[in-house]
Amino acid sequence: MIDHKTVFALFITCAIDECECHFSLQFSDCFSVEIRNVGIPAYHNPRLALFQVTLPSFITDTFGHRATDTEYYQVPTLFMSDWMNEFWRVRPDVRDDFRFVYLGTKGTWTPLHADVYHSYSWSANICGTKRWWFLPPGEELKLSAKYNGRVPSDLRDVQLDNGDINYIQIDQHPGQAVFVPSGWYHQVVNLTDCLSINHNWFNATNVNWVWQHLQNQLVAVETSTEDVRDTPGWREQCQICLRALAGIDFFEYALLLKYILLTRWPENNRLSLFDFQSLTEKDADGPDQLSPLNNKIDHELIQLFRREPDQLKLIRENTKCWMELIPEVATNCQKELPAWVRLHDFVSAFESLRLVSQNSIVKALKLVSEPLYSMLNFA
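The sections below set out a description of the structure shown in this document. (Residues numbered from 1 in each chain as written. Predicted model: local features only at pLDDT ≥ 70, side-chain atom pairs only at ≥ 80, totals over all residues. Heavy atoms only, no water.)

## Some points on the overall build of the protein
Link 1 in the chain: When its secondary structure is counted, the protein shows 13 helices and 13 strands.
Link 2 in the chain: Buried positions account for 52% of the 379 residues belonging to the protein.
Link 3 in the chain: In the protein, once contacts between residues fewer than 6 apart in sequence are set aside, the share between residues at least 24 apart is 77%.
Link 4 in the chain: Carbon and sulfur atoms form 50% of the exposed surface of the protein, whose accessible area is close to 18,600 Å². (Helix = DSSP H or I, 4+ residues; strand = E, 2+ residues; numbered from the N terminus. Buried < 20%, exposed > 50% of the residue type's maximum accessible area, 1.4 Å probe, protein only. Contact = heavy atoms within 4.5 Å. Areas by Shrake-Rupley, 256 points an atom, 1.4 Å probe, with all protein chains shown as cover.)

Shown next, in the form of structure tokens:
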């Protein structure tokens with residue numbers, strides 16, 4: 001029996017040499033990581049690899065009232081960079097994040113879906129057994145074609161074994177955690193009473209998935225309101241509808257990227273003087289709660305661009321510079337982001353923000369200031 005305080009993350013894309021207990025994990029299209037000497041439960045799925053994460057004792061022993069900004073568990077190095085939850089912590093307009101505790105009785109289930117923003121997620125089982133179905137990206141389109149353009153909510157009502165739909169089915173036991181890649185539709189059924197810890201996040205490795213998903217959602221909004229396109233303020237109203245549909249609009253997404261770019265700027269010693277918490281609390285009840293944060297981040301970034309142009313030169317000359325810092329094995333839990341992860345974030349946030357600034361809707365609504373646009377594209 002595996003100690004419930006230890007969970008194992010299951011990866012979909014990996015190759016396993018069971019004899020040596022040696023795993024080669026392809027975490028993104030940029031790099032792979034090797035893991036050795038990892039314990040394997042007897043019921044492991046040979047298509048999935050495992051590595052260790054430690055959960056705190058209070059989760060499995062007792063429950064109490066805890067503040068949401070307290071760190072109760074550590075994740076592997078590859079999971080540490082968490083743009084979503086890091087940004088949500090400093091937002092003055094929300095008091096929430098994307099980390100959850102799920103409690104469900106036997107037979108309860110989650111309909112077929114892709115995760116919020118097409119983020120990554122992991123789900124760690126504390127007790128009970130879940131059954132998961134995974135559809136690789138694109139397979140949901142085959143299903144929707146059979147169901148009048150809609151993805152069915154329950155795969156148990158679908159004939160999956162006739163060979164035309166590619167899918168993966170696993171049972172998740174106590175002490176295991178399942179990793180869900182971006183854009184993979186999945187469904188979960190509690191085979192017994194279950195308690196699990198769940199965490200959504202995105203970072204440099206899947207930010208392009210998030211941006212593409214957000215643009216696709218806007219297309220859906222614009223298509224559904226095409227008959228009123230000529231109405232004054234239509235583009236602005238589409239952004240409001242986008243936020244209601246997708247949970248975030250273009251302005252918030254651009255602000256998130258700017259925040260990550262600022263906080264990952266190499267050797268940025270000014271951050272100690274930049275108290276995000278006091279800034280976000282200052283106008284927490286104002287009608288436009290994100291503007292003070294946006295204005296401050298813009299100011300800080302513009303100053304950095306002007307003062308340290310060599311950082312931009314570094315990105316343009318070698319966009320893969322961060323790969324030179326990757327250690328041979330990067331699976332241990334750490335308290336701070338490693339240098340290679342921070343640099344990868346910095347490069348990716350810059351390029352992502354540059355692409356966002358060039359978007360026609362972003363330009364039309366002036367969601368990126370002209371000084372910052374010029375520095376992103378012409379500096």
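## So, unusual backbone geometry
Link 1 in the chain: A positive phi angle is found at Asn-148, which is not glycine, with a value near 55°.
Link 2 in the chain: Take Asn-148: it is sitting in the loop between α4 (139–146) and β10 (168–172).
Link 3 in the chain: Using a relative accessible area of 79% as the deciding quantity, one classes Asn-148 as exposed.
Link 4 in the chain: Not every positive phi belongs to a glycine, and Lys-366 is a case in point at roughly 55°.
Link 5 in the chain: Inspection of the secondary structure puts Lys-366 in the loop between α12 (360–364) and α13 (370–378).

## Observations concerning the pairing of strand β12 (residues 185–190)
Link 1 in the chain: Among the 6 residues in β12, 6 count as buried, and that is most of the element.
Link 2 in the chain: Relative to β12, strand β7 (residues 109–113) runs antiparallel, the two sharing 3 bridges. When the sheet's bridge partners are listed, Trp-109 is paired in β12 with Val-189.
Link 3 in the chain: Pairing of strand β9 (residues 130–135) with β12 involves 6 bridges; the strand directions are antiparallel. Bridge pairing links Arg-131 to Val-189 in β12. (Pairing = 2+ DSSP bridges.)

## Observations regarding helix α6 (residues 234–246)
Link 1 in the chain: For α6, with 13 residues, the first-to-last C-alpha span of 18 Å sits near the 18 Å given by 1.5 Å per residue.
Link 2 in the chain: The elements touched by buried residues of α6 are α5 (207–224), α7 (250–263) and α12.
Link 3 in the chain: Taken from the residues just after α6, Gly-247 is the one with a positive phi, measuring 95°. (Expected span 1.5 Å × (residues − 1).)

## Concerning the sheet that holds β7
Link 1 in the chain: Spatially, 4 strands are ordered β7-β12-β9-β10 in an open sheet, and the strand pairing comes out antiparallel. Each end of this open sheet is capped by a strand with a single partner; those strands are β7 and β10. When strand polarity is set aside, the average angle formed by the axes of neighbouring strands in this sheet is 15°.
Link 2 in the chain: One ladder, built from 5 bridges, connects β9 with β10; its direction is antiparallel. Bridge pairing links Arg-131 to Asp-171 in β10. (Axes fitted to C-alpha atoms, helices over the stretch in contact; angles between N-to-C directions.)

As far as function goes, none of this settles anything; it's purely spatial.
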